[in-house]
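Fold and geometry: a report
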Amino acid sequence: CGVASVGSVLLPDDADARLVLGAVLGVVGGLDACPDVQREVLVELAQILYGIDLHDDPLVGFDAATFLAAEPSAAVREQAVNLLVLTELSDGELDTAEAAAVARFADAVGIHSNFVDDARLLAANHVALLYADLQRQSWYAQETVNEIRHGHILRVLGSKLAYVGVRVDRSEEHTSEL
């Protein structure tokens, strides 16, 4: 699945951009009510992808009923929910009131995919995942030092070289040269 196909699933096309952005702004309480990071994400997204300057050409946010009155397709409804989830998580803080508003909108428009819950769950645990990854990396470094200390420098060197695409000849006639 290419980048273009991922973008078409997550983001609306030009014709539906104002509808989706208006729905997002309605749920988050308007551009001025957004935390700084969310506001910048929405402003940049609108400008870069759709050429809409939300400062000079402000969109009015609206509720799910107004969104549905425009008769958006299932794909556009899903794109609105996906963008809401991404916007919600862009601030880095999971606000329960905002999470509830996103879930209510998703339910109201008939789109409550696992993405809504899964993205929030992943974000809630991102610090634990990051810590685990850092621990794994430090374990690897410590194991490398232990391998070198125990006389396995050639194996470590071969592994490091293979990682960057260099094949090491491990035959006995070449081993003494290393």
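Cut-offs used in this document
- Residues numbered from 1 in each chain as written.
- Predicted model: local features only at pLDDT ≥ 70, side-chain atom pairs only at ≥ 80, totals over all residues.
- Heavy atoms only, no water.
- Helix = DSSP H or I, 4+ residues; strand = E, 2+ residues; numbered from the N terminus.
- Buried < 20%, exposed > 50% of the residue type's maximum accessible area, 1.4 Å probe, protein only.
- Core = buried A, V, L, I, M, F, W, Y, C linked by side-chain atoms within 4.5 Å.
- Contact = heavy atoms within 4.5 Å.
- Axes fitted to C-alpha atoms, helices over the stretch in contact; angles between N-to-C directions.
- Parallel < 35°, antiparallel > 145°, perpendicular 65-115°, else oblique.
- Nonpolar A, V, L, I, M, F, W, Y, C, P; charged D, E, K, R; others polar.
- Expected span 1.5 Å × (residues − 1).
- Arc of directions from axis to C-beta.
- Salt bridge = Lys/Arg side-chain N within 4 Å of Asp/Glu carboxyl O.
- Patch = residues over 30% accessible without salt bridge, like charges linked within 9 Å, V, L, I, M, F, W, Y side chains within 5 Å.
- Areas by Shrake-Rupley, 256 points an atom, 1.4 Å probe, with all protein chains shown as cover.
- Phe/Tyr/Trp six-rings, centres within 6.5 Å; stacked < 30°, edge-to-face > 60°.

**Points about the overall build of the chain**
Helices and strands together make up the secondary structure of the chain, namely ten helices and zero strands. Reading the helices (α) and strands (β) of the chain from amino to carboxyl end gives α-α-α-α-α-α-α-α-α-α. Counting every position in the chain, which comprises 178 residues, the buried fraction comes to 30%.

**A word on the nonpolar core**
Leu21, Leu42, Leu54, Phe67, Val81 and Phe105 are the most contacted members of the largest nonpolar core, which totals 36 residues. The set of elements that each furnish at least two residues to this core consists of helix H2 (14-28), helix H3 (36-50), helix H4 (64-69), helix H5 (74-90), helix H6 (96-108) and helix H7 (114-124). In terms of residue count, H2 provides more of this core than any other element does, nine residues in total. In this view, Leu42 contacts Leu21, Val24, Leu25, Leu31, Cys34, Leu54 and Thr87; residues no more than four positions away in its chain are not counted.

**A few points about the packing of H2 against H3**
Where H2 meets H3, the closest approach of the two axes is 11 Å, and the angle between their N-to-C directions is 175 degrees. What the angle tells us is that H2 and H3 run roughly antiparallel. Residues Asp14, Ala17, Leu21, Val24 and Leu25 of H2 touch H3, and the partners they reach there are Leu42, Leu45, Ala46, Leu49 and Tyr50. Here the contact of H2 with H3 is composed, by residue class, of nine nonpolar, no polar and one charged.

**Thoughts on H3**
A rise of 1.5 Å per residue sets the reference length of H3, with its 15 residues, at 21 Å; its end C-alpha atoms lie 21 Å apart and thus fit the reference within 8%. Buried within H3 we find Gln38, Arg39, Leu42, Val43, Leu45, Ala46 and Tyr50. Each buried residue of H3 lies within a common arc of 160 degrees when the element is viewed along its axis, so the set occupies one face. Counted as exposed and oriented over 90 degrees from the buried face of H3: Asp36 and Ile48.

**Concerning the pattern of salt bridges**
All told, the structure shown has two salt bridges when counted by the stated rule. Of the charged contacts in the structure, one is a salt bridge between Asp57 and Arg18, with a shortest N-O distance of 2.3 Å. With a gap of 39 residues between them, Asp57 in the loop between H3 and H4 and Arg18 in helix H2 connect regions that are remote in the sequence. Here Arg18 falls in the partly exposed class, since its relative accessible area comes to 38%. Asp36 is the salt-bridge partner of Arg39, the closest N and O atoms lying 2.5 Å from each other.

**Some details on a nonpolar patch on the surface**
On the surface, Ile148, Ile153, Leu154 and Leu157 cluster together to form a nonpolar patch covering roughly 320 Å² of accessible area. The topology assignment puts Ile148 in helix H8 (residues 126-149). Exposure remark for Ile148: the relative accessible area of 39% places this residue in the partly exposed category.

**Focus: the packing of aromatic side chains**
A complete count under the given rule lists one aromatic pair for this structure. For the pair Phe67 and Phe105, a centre-to-centre distance of 5.5 Å together with 55 degrees between the ring planes defines the contact as tilted. Placement of Phe67 in helix H4 and of Phe105 in helix H6 is noted, with a sequence separation of 38 residues between them. Using a relative accessible area of 0% as the deciding quantity, one classes Phe67 as buried.

**Quick notes on the environment of Ala46**
Looking at where Ala46 falls in the secondary structure, it is placed in helix H3. Judged by relative accessible area, Ala46 falls into the buried class, the value being 0%. Put simply, Ala46 and Ala17 are 29 residues apart on the chain and 8.0 Å apart in space, counted from C-alpha to C-alpha. Contacts of Ala46, omitting those with residues within four sequence positions, involve Leu21, Gly51, Ile52 and Leu54.

**A few points about H5**
For an α-helix, 3.6 residues make a turn, and residues three or four places apart therefore share a direction. The terminal C-alpha atoms of H5 lie 24 Å apart, and with 17 residues this matches the ideal 24 Å at 1.5 Å per residue to within 8%. Within H5, burial applies to Val76, Gln79, Ala80, Val81, Asn82, Leu83, Leu84, Val85, Thr87 and Glu88.

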